[in-house]
Protein chains: 2
Amino acid sequence: MVQIHNPLLDKQSDDHFHHLGITKSAIDIPKMYGDIKFICMGGSMGRIKNYAKIFAKEMGISMSDNLSTTDRYSMYKTGQVLWVNHGIGSSSSSIVIVELIKLLYYAKAKDVIAIRMGTAGGIGVTSGTLILTSGALNGELLEEYVQYIMGEKISRPAIFDAEVYQQLYKIAVQLKLPVQIGKTLSSEDFYEGGQARLDGAFCEYTEQQKLAFLNRLHNLGVRNIEMESLCFAALFNRGNIRAAVVCVALLDRLKGDQVLLKSDDLSEFETRVFKVVNIYIKQQLKL
Amino acid sequence: MVQIHNPLLDKQSDDHFHHLGITKSAIDIPKMYGDIKFICMGGSMGRIKNYAKIFAKEMGISMSDNLSTTDRYSMYKTGQVLWVNHGIGSSSSSIVIVELIKLLYYAKAKDVIAIRMGTAGGIGVTSGTLILTSGALNGELLEEYVQYIMGEKISRPAIFDAEVYQQLYKIAVQLKLPVQIGKTLSSEDFYEGGQARLDGAFCEYTEQQKLAFLNRLHNLGVRNIEMESLCFAALFNRGNIRAAVVCVALLDRLKGDQVLLKSDDLSEFETRVFKVVNIYIKQQLKL
């Protein structure tokens, strides 16, 4: 069962989800969401909507309208699968993940798996390679999700479900897609922090220092850099939801910082992520 | 002049802005953006677009189409004012702010002021009160913006321009709107971290501990909690752009955690932020 850890929540007379724009008392949450087995997420609203559309079409099932009533996030339902965008970074992601956990807790959903489908910078991998995250590092290069709660630093573990990522790996191999299992650096910035890009407005390090840092990450087993995995797994774990992250590398950061893919290549790369997850979900739901 | 601090950028043959979807060589940046004097930002795409529309209509000037070609951020231009959404949290905000600083640097823009127009939880203020940020605290309750660059913790100052917020304050008083100048807690989470809400999926503190924390914040001069001010001011400061933040309190966190405003009230509160900034910009541009 999906879990919460908040004894005060059930004492609250109603619950308004600030960012999904849902009010608990206004809808029949168990009826609407009790059957959910998969939450598929990604940063971009457009990409998630597109994935949901293709999935519904392939399965011959209907796709809901946008179930979020605010413009902060989008959410679509196709049968037992929810498609939700999380925006960029752990702060943005944490909000909608907390609201999804509450939603599926009220719905009495069980055996739920959350999969983040993202884009990332690769380290020592060619562009187009799928990376399945086996562990995620924060900006301090520690495998812990840090929160400051009432001024105190709290660290939480983030577990990526090995059964899930091993199955995703097998599917990618069967599809003959380039794929690796590796660690992910979940950074707080896209330009300076964590990523050490040379193409931002601020850069107080040299190219040599950047490359030494990326090689250090590579030696630690890191194969890609993105901005949400750590928060994603840590929060879903606490909600008793298994988590997995599959990202496609848009470039090899050891070779440069600018993503110069043609629109068609970018689109084909993003489709690789979908193909693998699509087959996995169909297998799991025995469709 | 808008500044960057990256000696490598001018050596780069071209520059692709990953999240605004702009390529430097493809447009005449100085011609398109050289006249910009104000950057007005907020989290929500819809709200920023709405503000830009009203501004253009009131001024009798045209509003551009969305100048961002990705679905990550939206950007509109109305004369000398750019309207851009930054999403939720400092990670999301940092990306578009870095890209805006690069854009205005290439544009050779000068004397630029950036104003964040947000919503926030108030502390000891009634809902609808405007708060002008005089300083911002991070999750550790320190007035510094923290980045982890290549594994090292780097702290940066965040200065809110006193001349700008004093003028915004005067305008709010003239409009007879409730307004205060105070400090802002810029938290990384909406539910647990920083904000200590009781209505999330996870809550390992009591209501008494939450109230003690909020009262501690109040004693430190904090009058509201949001998620972007610190990053906003710290980054724009480095780009030699003056920064100010004006937020409307949607509730008093000492009285509860759920935002239960009617849609009309929420809309009227968000309009208060716009009214003040609108008059300020007109005065500054002598329109």
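Analysis parameters
Residues numbered from 1 in each chain as written. Chains lettered and ligands numbered in written order. Predicted model: local features only at pLDDT ≥ 70, side-chain atom pairs only at ≥ 80, totals over all residues. Heavy atoms only, no water. Core = buried A, V, L, I, M, F, W, Y, C linked by side-chain atoms within 4.5 Å. Buried < 20%, exposed > 50% of the residue type's maximum accessible area, 1.4 Å probe, protein only. Helix = DSSP H or I, 4+ residues; strand = E, 2+ residues; numbered from the N terminus. Contact = heavy atoms within 4.5 Å. Expected span 1.5 Å × (residues − 1). Polar contact = N/O pair within 3.5 Å; in protein donor to acceptor, adjacent residues only side chain to side chain. Buried area = accessible area lost by both parts, 1.4 Å probe. Salt bridge = Lys/Arg side-chain N within 4 Å of Asp/Glu carboxyl O. Nonpolar A, V, L, I, M, F, W, Y, C, P; charged D, E, K, R; others polar. Least-squares fit on C-alpha atoms with pLDDT ≥ 70 in both. Arc of directions from axis to C-beta. Pairing = 2+ DSSP bridges. UniProt positions renumbered as here; feature names shortened; annotations may be inferred.

Observations regarding the nonpolar core
So, point 1. With 87 residues, the main nonpolar core has Y33, I39, M75, W83, L100 and F236 of chain A as its most contacted residues.
So, point 2. Among the elements that line this core, the one with the most residues is helix α3 (residues 89-106) of chain A, at nine residues.
So, point 3. Residues contacting L100 of chain A, with those up to four places away along its chain left out, are L20, I39, M41, M75, L82, V84 and F236 of chain A.
So, point 4. One finds L9, I101, I113 and I281 of chain B within the second-largest nonpolar core, a separate group that totals 86 residues.

Observations regarding helix α3 (residues 89-106) of chain B
Residue and element names in this part refer to chain B.
So, point 1. Under the 1.5 Å per step criterion, the end-to-end length of α3 is 26 Å for 18 residues, consistent within 8% with the ideal 26 Å.
So, point 2. Within α3, 17 of the 18 residues are buried, which leaves the element mostly enclosed by the surrounding structure.
So, point 3. In the stretch just after α3, K108 is the one whose phi turns positive, near 60°.

What about the side chain of S187 of chain A?
Residues and elements named next belong to chain A.
So, point 1. Structurally, the position occupied by S187 is in the loop between β10 (179-186) and α5 (207-219).
So, point 2. A polar side-chain atom of S187 sits 2.6 Å from the main-chain carbonyl oxygen of D189.
So, point 3. Sequence-distant contacts of S187, that is, excluding residues within four places in its chain, are made with G193, G194, Q195, I225, E226 and M227.

Observations concerning the interface of chain B and chain A
So, point 1. On the side of chain A, 71 residues touch chain B, which itself brings 71 residues to the contact.
So, point 2. Overall, the association of chain B and chain A removes approximately 5600 Å² of surface from exposure, summing both partners, and the carbon and sulfur fraction of that is 55%.
So, point 3. Contact with chain A buries surface across chain B, with I88, M150 and F202 of chain B losing the most and accounting together for 14% of the total.
So, point 4. We note a salt bridge from R156 of chain A to E192 of chain B, for which the minimum N-O separation is 3.3 Å.
So, point 5. In this structure, the connection of chain B to chain A is made through 35 residue pairs in polar contact (both at pLDDT 80 or more).
So, point 6. For the side of chain B that touches chain A, the secondary-structure elements that each account for two or more residues are α2 (45-59), α3, β8 (145-149), α5 (207-219) and α6 (229-238) of chain B.
So, point 7. If one sorts the elements of the side of chain B that touches chain A by residue count, α3 of chain B sits on top with nine residues.
So, point 8. Residue classes in the side of chain B that touches chain A are distributed as 28 nonpolar, 24 polar and 19 charged.

A short note on unusual backbone geometry
All names here are of chain A.
So, point 1. A positive phi angle, close to 50°, is found at M150, a residue other than glycine.
So, point 2. As for its placement among the helices and strands, M150 is situated in the loop between β8 (145-149) and β9 (152-156).
So, point 3. In this model, N240 sits at a positive phi of 60°, which is unusual for a non-glycine residue.

Some words on the relation of the copies chain B and chain A
So, point 1. In the superposition of chain B on chain A (RMSD 0.0 Å, axial shift 0.0 Å), the rotation amounts to 180°. Accordingly, the operation relating the two chain copies is best matched by a two-fold axis.
So, point 2. When the interface residues of chain B are mapped onto chain A, 100% of them again fall at the interface, so both copies present the same face.

As for helix α2 (residues 45-59) of chain A
An α-helix turns once every 3.6 residues. As a result, residues three or four positions apart point the same way.
Residues and elements named next belong to chain A.
So, point 1. Taking 1.5 Å of rise per residue, 15 residues should cover 21 Å, and α2 covers 21 Å from first to last C-alpha, within 8% of that figure.
So, point 2. Turning to α2, its buried residues are R47, I48, Y51, A52, F55, A56 and M59. All buried residues of α2 project into a common sector of 165° when viewed along the axis, lining one side.
So, point 3. On the buried face of α2, the contacting elements are β3 (38-42), β4 (75-78), β5 (81-85), β6 (113-122) and α7 (263-284).
So, point 4. For α2, the N-terminal capping position is held by S44, with its side-chain oxygen 3.2 Å away from the main-chain nitrogen of G46.
So, point 5. Residue G60 follows α2 closely and has a positive phi angle near 65°.

Points about the pairing of β6 of chain A
Residues and elements named next belong to chain A.
So, point 1. For β6, the tally of buried residues reaches ten of ten residues, placing the bulk of the element in the interior.
So, point 2. As paired elements, β3 and β6 share four bridges and run parallel to each other. Bridged to I39 within β6 is A114.
So, point 3. Sheet analysis places β6 next to strand β12 (residues 242-252), joined by ten bridges and oriented parallel. Its bridge partner being in β12, G121 is matched across the sheet by L251.

Some points on the pairing of strand β7 (residues 130-137) of chain B
Regular strands show a simple pattern: their side chains alternate between the two faces of the sheet.
All names here are of chain B.
So, point 1. Of all eight residues in β7, seven are buried; the element is thus mostly enclosed.
So, point 2. Here β7 runs beside strand β10 (residues 179-186); their pairing, made up of seven bridges, is parallel. Bridge pairing in β10 links L132 to I181.
So, point 3. Bridge count between β7 and strand β12 (residues 242-252): three bridges; the pairing is antiparallel. By the bridge assignment for β12, I131 is matched with C247.

Quick notes on the UniProt feature "binding site: substrate" (unreviewed entry) in chain A
So, point 1. Those places that UniProt annotates as "binding site: substrate" (unreviewed entry) correspond, in this numbering, to Q195 and R197 of chain A.
So, point 2. Structurally, the position occupied by Q195 of chain A is in the loop between β10 and α5.
So, point 3. Other than its neighbours up to four places away in sequence, Q195 of chain A contacts S187, D189, F190, L214, I225, E226, M227 and R253 of chain A.
So, point 4. In this structure the side chain of Q195 of chain A is engaged in a polar contact, spanning 2.7 Å, whose partner is the side chain of R197 of chain A.
So, point 5. Inspection of the secondary structure puts R197 of chain A in the loop between β10 and α5.
So, point 6. Of the residues examined, R197 of chain A reaches a relative accessible area of 2% and is grouped as buried.
So, point 7. Apart from residues lying up to four places away in sequence, R197 of chain A is in contact with F190, Y191, C203, Y205, L251, R253, D257 and V259 of chain A together with H18 of chain B.

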